[in-house]
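Inside the fold
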Amino acid sequence: MVVVVTERQRLAYIKYNDKRMDLDEFVQESPKYYHYTLNEEGTELSFWADKRLSPVAGSSLLYAVPRCSGYNYYMKHHTGKWDMLITAYNCHTNQLIHQYHVSEGWQMSMDELGE
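Summarised in this report is the structure supplied together with it. Remember, it's a predicted structure, so these values are computed and weren't measured experimentally.

**Looking at unusual backbone geometry**
Unusually for a residue other than glycine, Leu 23 sits at a positive phi of about 55°. Judged by its relative accessible area of 2%, Leu 23 is buried. Not every positive phi belongs to a glycine, and Asn 94 is a case in point at roughly 65°. Among the secondary structure elements, Asn 94 is positioned in the loop between β3 (85-90) and β4 (96-101).

**Quick word on the pattern of salt bridges**
Side-chain pairs of opposite charge can arise whenever the charged atoms involved come near each other. All told, the structure shown has four salt bridges when counted by the stated rule. Put simply, Asp 50 and Arg 52 hold a salt bridge, and the shortest N to O gap is 3.0 Å. Looking at Asp 50, the relative accessible area reads 2%, which means it is buried. Measuring nitrogen to oxygen at the nearest pair gives 3.1 Å for the salt bridge that ties Glu 115 to Lys 51. Taken together, the residues Glu 115 in the segment after β4 and Lys 51 in the loop between β2 (44-49) and α3 (55-75) connect sequence positions 64 residues apart. Salt bridges sharing partners connect three or more residues here, namely Asp 50, Lys 51, Arg 52 and Glu 115.

**Here we look at the side chain of Asn 90**
By secondary structure assignment, the location of Asn 90 is in strand β3. You can call Asn 90 buried: its relative accessible area is 4%. A distance of 2.7 Å separates a polar side-chain atom of Asn 90 from the backbone nitrogen of His 92. Ignoring sequence-local partners within four residues, the contact set of Asn 90 consists of Trp 48, Ala 49, Gln 95, Ile 97, Leu 113, Gly 114 and Glu 115.

**So, the sheet that holds β3**
Reading across the sheet, the four strands line up as β1-β2-β3-β4 and stay open at both edges, with mixed pairing between neighbours. The open sheet has two edge strands with one neighbour each: β1 (35-38) and β4. On average, adjacent strands in this sheet sit at an angle of 10° to one another, irrespective of strand direction. The pairing of β2 with β3 spans six bridges and is parallel. Each bridged residue has a counterpart across the sheet, and for Ala 49 the counterpart in β3 is Asn 90. Packed onto the sheet, α3 meets β1, β2, β3 and β4 and runs at close to 160° relative to β2.

The rules we used
- Residues numbered from 1 in each chain as written.
- Predicted model: local features only at pLDDT ≥ 70, side-chain atom pairs only at ≥ 80, totals over all residues.
- Heavy atoms only, no water.
- Buried < 20%, exposed > 50% of the residue type's maximum accessible area, 1.4 Å probe, protein only.
- Helix = DSSP H or I, 4+ residues; strand = E, 2+ residues; numbered from the N terminus.
- Salt bridge = Lys/Arg side-chain N within 4 Å of Asp/Glu carboxyl O.
- Polar contact = N/O pair within 3.5 Å; in protein donor to acceptor, adjacent residues only side chain to side chain.
- Contact = heavy atoms within 4.5 Å.
- Pairing = 2+ DSSP bridges.
- Axes fitted to C-alpha atoms, helices over the stretch in contact; angles between N-to-C directions.

This is how it looks when you write it as structure tokens:
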């Protein structure tokens, strides 16, 4: 598939995707503990949470961020296959819980994050 956009449209899409990845609802759920990092290329997402993370915040984090990152990857003129590495940590212990690539499909249960 080839998508053709003007420079103005390209910049608007990037801005829209960046806004979708802001994830205020995720951080606001537990500002003392919940946080995430996303590398500049949009290929690595690490997050710290526990199993009390709400379904809305969880789906924003694990569906919207990868999707928007993938779009931005190409909108920012990267080439080659895009695949995000997702790393989950328990926000209280900093223990690594699970790590997988988006291309592998959903690989974890939020219960794995623990208390």
